[in-house]
Each structure stands twice: as structure tokens, then as C-alpha cells.
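The lines below spell out each chain.
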Amino acid sequence: ESEVASRVQDIRAGIARLGEVNTGAIEELSELEDRAAFLRNQRDDLERSIADLERTIQRLNRVSRTKFAETFAAVNEQFQEILPRLFRGGEARLVLTDESNLLESGVEIVVRPPGKRLDSITLLSGGEKALVAVSLIFSLFMINPTPFCFLDEVDAPLDDANIGRFSGLVREMSERSQFIVITHNKRTM
């Protein structure tokens with residue numbers, strides 16, 4: 001009997017520790033379950049959206065790699081033709097710094113003017129650098145002409161012979177685009 005009384009007393013103490021019965025607990029549980037279901041749906045939507053975005057990014061990267069490779073090859077081909085025309089000889093090419101990663105690769109310009117051995121593009125004169133830059137710009141224009149082009153003092157470092165070749169190329173390209181050339185050089189004007 002004392003054992004049973006002790007057990008009853010322990011059970012009453014346990015019930016007292018539980019406190020009052022919360023009659024709203026069932027409603028609270030229902031609200032929390034609804035909220036949890038809503039949050040699970042939101043998480044699932046986000047996971048589906050992330051997966052869709054990752055697929056889209058992969059597709060865009062694939063298309064970008066293809067387009068870049070095609071455009072790079074075309075611009076390189078044009079560059080190899082235009083630079084020797086402006087320099088009256090020499091060689092030029094564009095080289096990718098990391099061919100395995102087209103989207104992160106840099107582009108190096110390799111130029112050898114006629115009669116020179118070139119270790120670095122920084123060894124070119126101001127006029128030669130200007131011709132290289134103009135060659136690259138015009139190579140891009142040949143691939144994807146725009147309605148008009150502004151050239152501001154690009155002929156400033158050029159000598160008379162180079163001005164003639166530069167002007168001839170601008171004249172030729174003006175069949176596809178309109179050129180606005182800002183210059184102080186009478187021959188260019």
C-alpha cells in the first residue's frame with residue numbers, strides 16, 4: 001500500500017509539473033503543420049528553380065563557348081588579313097591564353113611587323129601600336145559591322161604612308177558603316 005501511495009504521489013507530482021492543459025494545442029499543432037507544409041512547398045519550388053537556373057546557365061555557357069569560338073576564329077582570320085595590309089607585310093594572330101576554358105580565357109595579340117622580330121607588343125612604336133589597334137577594331141567591324149563608328153584621333157601617331165593605308169581602309173569599310181573620324185591630319189581629312 002505504501003508503494004502504491006508513493007507511486008500515486010509521484011504521478012501527481014509529474015502531472016503538477018506538466019502544468020495546465022493547453023486546450024489550444026491541437027489548433028496550434030494544426031497551424032504549425034500548415035506552416036511547415038507551406039515552407040516545404042516553398043523549399044521545393046526554390047530547389048526546382050535552382051535546378052532550372054543551373055540547366056539554363058549550362059546551356060548558355062555551351063552556346064557562349066560555341067559563339068565565342070566561331071567569332072574568335074573569324075576575327076583572327078580577318079586580323080591576319082588586315083594587319084599585313086596596313087603594315088605592307090608582317091604577320092598577326094590572336095591567341096587564347098587558356099584554350100581549355102574559352103569563357104575565362106584571355107586573348108593575346110601576336111604581331112610581327114615586316115623586317116622585325118618581336119618579343120613583346122610593348123616594343124612597337126606608337127604608330128605601330130595604333131595600326132595594330134585599328135587592325136583589330138576593323139577586324140571586328142568586318143565580322144559584325146555597325147551602322148556607324150567614331151574614330152577619335154586614331155591617326156595621330158601615324159606617318160604619311162600609314163595615313164594613306166589607314167584612310168584607304170576607312171574608305172573601303174565606309175561601304176558597310178558610316179565613319180565619323182575626328183582628326184587634325186590634313187591627309188585623313
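All values derive from a computational prediction rather than experimental measurement. All residue numbers refer to positions counted from 1 along the written sequence of the respective chain. The predicted origin of the model limits local features to residues at a pLDDT of at least 70 and limits the giving and counting of side-chain atom pairs to 80 or more, whereas totals for whole chains, interfaces and linings rest on all residues. Hydrogens are left out, water is left out, and the side-chain values use all remaining heavy atoms of the structure.

Undergrad: Mind showing me how you'd approach a negative patch on the surface here?
TA: Residues enter a patch when their relative accessible area is above 30% and they make no salt bridge; the linking distance is 9 Å between like charges and 5 Å between nonpolar side chains (Val, Leu, Ile, Met, Phe, Trp, Tyr). A 1.4 Å probe and the Shrake-Rupley method give the accessible areas. Residues count as covered only by the protein chains that appear here. Here, a salt bridge means any Lys or Arg side-chain nitrogen found within 4 Å of an Asp or Glu carboxyl oxygen. When charges are tallied, Lys and Arg are placed among the positive residues and Asp and Glu among the negative ones, while His and the ends of the chain are skipped. To locate a charge, the coordinates of NZ of Lys, CZ of Arg, CG of Asp or CD of Glu are taken. A cluster of acidic side chains, namely Glu27, Glu28, Glu31, Glu33 and Asp34, defines a negative patch on the protein surface. If you trace the backbone, glutamate 28 turns up in helix α2 (residues 25-87). With a 1.4 Å probe rolled over the protein chains alone, any residue whose accessible area is under 20% of its type maximum counts as buried; one over 50% counts as exposed, and the rest are partly exposed. On the accessibility criterion, glutamate 28 (45% relative accessible area) is partly exposed. Secondary structure elements are defined from DSSP: runs of H or I of at least 4 residues count as helices, runs of E of at least 2 residues count as strands, and each element is numbered from the N terminus.

Undergrad: I keep staring at a nonpolar patch on the surface and nothing clicks. Help me out?
TA: A contiguous nonpolar patch, built from Phe148, Phe150, Ile180 and Ile182 and spanning about 400 Å² of accessible area, is present on the exposed surface. Contributions of two or more residues to the nonpolar patch are made by β3 (148-152) and β4 (178-182). Here isoleucine 182 lies in strand β4.

Undergrad: I'm lost on the pattern of salt bridges in this one. Help?
TA: Pairing between side chains of opposite charge can happen when their charged atoms approach one another. What the rule picks out here adds up to seven salt bridges. Aspartate 52 is the partner of arginine 55 in a salt bridge, and the nearest nitrogen-oxygen pair spans 2.1 Å. A residue pair is termed a helical-turn pair when its members lie 3 or 4 positions apart in one helix, as arginine 55 and aspartate 52 do in helix α2 at three residues. On the accessibility criterion, aspartate 52 (39% relative accessible area) is partly exposed. Between lysine 116 and glutamate 128 there is a salt bridge, with its nearest N and O atoms 2.7 Å apart. Taken together, the residues lysine 116 in the loop between β2 (107-112) and α3 (126-143) and glutamate 128 in helix α3 connect sequence positions twelve residues apart. Overall, the relative accessible area of 38% leaves lysine 116 in the partly exposed class. When its relative accessible area of 13% is taken as the criterion, glutamate 128 is described as buried. Overlapping salt bridges bring together Arg43, Asp44 and Glu47 as one network.

Undergrad: I'm lost on the packing of aromatic side chains in this one. Help?
TA: The geometry of an aromatic ring pair comes down to the distance between the two centres and the angle between the two planes. Working definition: rings of Phe, Tyr and Trp (its six-membered ring) pair if their centres are within 6.5 Å, and the pair is stacked with planes under 30 degrees apart, edge-to-face with planes over 60 apart, and tilted otherwise. Using the criterion set out here, one finds five aromatic pairs in the structure. Between phenylalanine 68 and phenylalanine 72, the aromatic rings sit 5.9 Å apart at their centres with planes inclined by 25 degrees, giving stacked as the arrangement. One end of the pair is phenylalanine 68 and the other is phenylalanine 72, both in helix α2 and four residues apart, which spans about a single turn. Here phenylalanine 68 falls in the partly exposed class, since its relative accessible area comes to 28%. Ring centres of phenylalanine 141 and phenylalanine 179 lie 6.1 Å apart, and the angle between their planes is 35 degrees; on these two criteria the pair is classed as tilted. With a gap of 38 residues between them, phenylalanine 141 in helix α3 and phenylalanine 179 in strand β4 connect regions that are remote in the sequence. As far as the burial class goes, phenylalanine 141 and phenylalanine 179 line up, both buried. The structure contains a cluster of three or more aromatic residues connected by ring pairs, namely Phe138, Phe141, Phe166 and Phe179.

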